[in-house]
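Architecture at a glance
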Amino acid sequence: MMHTCIYLDNNATTQPDPEVVVTMLPYLTDLYGNPSSMHTFGGQVGKAIQEARESVATLLGAEPTEIIFTSCGTEGNNTAIRAALAAQPERNHIITTQVEHPCVLNVCKQLEKQGYKVTYLSVNHQGQLDLMELEASLTGNTALVSTMYANNETGTIFPIENIGALAKSYGATFHVDAVQAVGKIPFSLKGSTIDLLTLSGHKLHAPKGVGSLYVKKGFRFRPFLLGGHQERGRRAGTENVASIVGLGKAAEIELQEMTKAIQREAKMRDRLEKTLLATIADCEVNGDVKNRLPNTTNIGFKYVEGEAILLSLDKYGICASSGSACTSGSLEPSHILQAMGLPYTILHGSIRFSLSRYTTEREIDKVLEVMPGIIQRLRDLSPFNSEDVTWLQTVNSNQPSVNSKQLPVTSE
Ligand SMILES: *Cc1c(COP(=O)(O)O)cnc(C)c1O
């Protein structure tokens, strides 16, 4: 397959593995039966779904009966939060973090309007949580602790089992948005404190529009979508068979390839990062570099606009991301970088490169070749440079204080 671009935006979405696509095709052509049907024609489709369930379960170290197929990570997160609240209706407190995906934050904001109390844990300059703050927030009224495993923008990995142990000691349900972690770091749900875990197909080389929700055995689960008895009554709606089969194949491939792939990606990511830092002045890495996804680097280039960098990279066919969200016609810096309390010029000049197993050394070479010139050109054009301290002070003092409830959320 021809690559039309240098794709370094794999935390936004990934290229479906060609093997995944081939595995899916029969279910879009000959094998179109309804898995709920009594006849053999439908039954064989049901068997394919079951095999996919086993593959996803194996990747996670879970039992097949603990896996529910969903339409996306967003559905998984919405379902998990509602299910946790339904499991303990006498409790009305939720703990989450300021750096979650909008499909967690916006659900929590709506629940606040409905009378739930929500604590949005802060993060430090590295994007890392303070477990003391978590412990101080937990009460016997806490129904749910919901945190991501790894951050989509900085790659920062949270200490999941420590968080879970604290949540469990207060009897709270522990939900983890692992959309960015699955296939990028090895972990197992065997013996884990996690009750509910979300993953999404399109972040691990399966197609868009399919995901899974892990529900720990014994958890009193209440379904979100009601209707037929699909997914053993836990998620109604005729199954997205081809995509589920694709997700199963993607899980199988991850199981085989992940260890090798993450070593390769980390090596390329580190080379990219180190060389950029060495060749370009006034830039720094955002996030917790000691606890980080192997495929992600987020770099703040001072005194330039991230969007201007993206547009320049785009001219070379290089895809990256700035994490900014377009809210009411203006570009708001990423809510994640804002929560990290980064200075104005970093907030506005940060770029995320996220690699995949398809990334090549030559692609990294190309980025390294063009980036110094791009940054130099943009800084030359900018009326503000590193000497212009007054400008910086003015903008910094005009910045609104970071309040999680008003944070515009960046979606991807
Ligand atoms: C992409 C993403 C989601 C949403 O998944 P979709 O399948 O796109 O709905 C949720 N959480 C995180 C951390 C993500 O990166």
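Residues numbered from 1 in each chain as written. Predicted model: local features only at pLDDT ≥ 70, side-chain atom pairs only at ≥ 80, totals over all residues. Heavy atoms only, no water.

1. With respect to the nonpolar core
This is how it is decided: Nine residue types can take part in a nonpolar core, namely buried Ala, Val, Leu, Ile, Met, Phe, Trp, Tyr and Cys, and a core is a set of them joined through side-chain atoms within 4.5 Å. Exposure classes here rest on a 1.4 Å probe applied to the protein chains alone. A residue is buried below 20% of its type maximum, exposed above 50%, and partly exposed in between. All the domain ranges listed were derived from an automatic or database domain assignment. Note on contacts: a residue pair is in contact if any heavy atoms of the two residues lie within 4.5 Å.
Counting 65 residues, the largest nonpolar core has Leu60, Val145, Tyr149, Phe187 and Leu197 as the members making the most contacts within it. Lining this core are residues from two domains, each supplying at least three of them: domain 1 (18–254) and domain 2 (259–397). Residue contacts for Tyr149: discarding those within four places in its chain leaves Thr156, Ile157, Phe158, Ile160, Val176, Asp177, Ala178, Ala181, Ile185 and Phe187.

2. Re empty space enclosed by the protein
Inclusion rule: Points on a 1 Å grid, built from protein atoms alone, make a cavity when a 1.4 Å probe fits but cannot get out and make a pocket when they are open with protein on both sides within 12 Å along at least 5 of 7 lines; residues with an atom within 4 Å of a point are the lining residues. Grid points are joined across faces, edges and corners, and a volume is the space filled by probe spheres set on the points. Asp, Glu, Lys and Arg are counted as charged, while Ala, Val, Leu, Ile, Met, Phe, Trp, Tyr, Cys and Pro are counted as nonpolar; the rest, among them Gly, fall into the polar class.
For the structure on display, the rule yields two cavities of 30 Å³ or more. Here the largest cavity defines a volume of roughly 130 Å³. Lining the largest cavity are 16 residues, and of these Gly183, Lys184, His205, Glu254 and Glu265 lie nearest its centre. In the lining of the largest cavity, the residues fall into five nonpolar, six polar and five charged. Domain assignment of the residues forming the lining of the largest cavity places at least three in each of domain 1 (18–254) and domain 2 (259–397).

3. Brief notes about the domain arrangement of the protein
What counts, and what does not: Criterion for a salt bridge: a side-chain nitrogen of Lys or Arg within 4 Å of a carboxyl oxygen of Asp or Glu. Whenever two N or O atoms come within 3.5 Å, that pair is a polar contact, provided that in protein one can donate a hydrogen and the other can accept it, and provided that, for residues adjacent in sequence, both atoms are side-chain atoms.
By domain assignment, the protein separates into domain 1 (18–254) and domain 2 (259–397). Taken residue by residue, the interface counts 28 residues in domain 1 and 24 residues in domain 2. Linking domain 1 to domain 2 there are one salt bridge. A salt bridge links Glu254 to Arg357, with the shortest nitrogen-to-oxygen separation between them at 3.0 Å. For the pair domain 1 and domain 2, the number of links is eleven residue pairs in polar contact (both at pLDDT 80 or more). Among the residues making up the side of domain 1 that touches domain 2, the classes are represented as ten nonpolar, 14 polar and four charged.

4. Concerning the sheet that holds strand S5 (residues 142–148)
Working definition: the strands of a sheet are paired by backbone hydrogen bonds and lie parallel or antiparallel to each other. The condition that has to hold: Think of it this way: DSSP has to see at least two bridges between two strands before they count as a pair. The helix count covers DSSP runs of H or I at least four residues long, the strand count covers runs of E at least two residues long, and both are numbered beginning at the N terminus. Interaxial angles span 0 to 180 degrees and are taken between N-to-C directions of axes, which are lines fitted to C-alpha atoms, for helices over the stretch in contact.
Across the sheet, seven strands lie side by side as S2-S8-S7-S6-S5-S3-S4; this open sheet has mixed pairing. With one partner strand each, in any of the chains shown, strand S2 (67–70) and strand S4 (117–121) form the two edges of the open sheet. In this sheet, adjacent strand axes meet at a mean angle of 20 degrees when their direction is disregarded. Taken together, the five bridges between S5 and strand S6 (residues 173–177) define a ladder with parallel strand orientation.

5. Looking at helix H4 (residues 102–113)
Our working definition: To estimate how far a helix should extend, the number of its residues minus one is multiplied by 1.5 Å.
Between its first and last C-alpha, H4 extends 16 Å over twelve residues, near the 16 Å set by a 1.5 Å rise per residue. Turning to H4, its buried residues are Pro102, Cys103, Val104, Leu105, Val107, Cys108 and Leu111. Each element contacted by the buried residues of H4 is listed here: helix H3 (73–87), strand S3 (93–97), S4, S5 and helix H10 (335–339). Positive backbone phi, approximately 110 degrees, marks Gly115, located one or two places after H4.

6. Considerations on the pairing of strand S14 (residues 350–354)
When you tally the buried positions in S14, you get five out of five residues, the bulk of the element. Summarising the sheet, strand S10 (residues 296–301) and S14 pair through five bridges and their orientation is antiparallel. Within S14, the residue paired with Gly300 across the bridge is Ser350.

7. Some thoughts on the layout of surface pockets
What the largest pocket holds in volume is close to 240 Å³. Considering the residues around the largest pocket, the lining is formed by 13 residues, among which Gln50, Arg53, Glu231, Arg232 and Glu239 are closest to the centre. Looking at the lining of the largest pocket, the elements with two or more residues in it are helix H2 (40–60) and helix H7 (230–233). For the lining of the largest pocket, the element with the most residues is H2, which contributes four residues. The class makeup of the residues in the lining of the largest pocket is three nonpolar, five polar and five charged.

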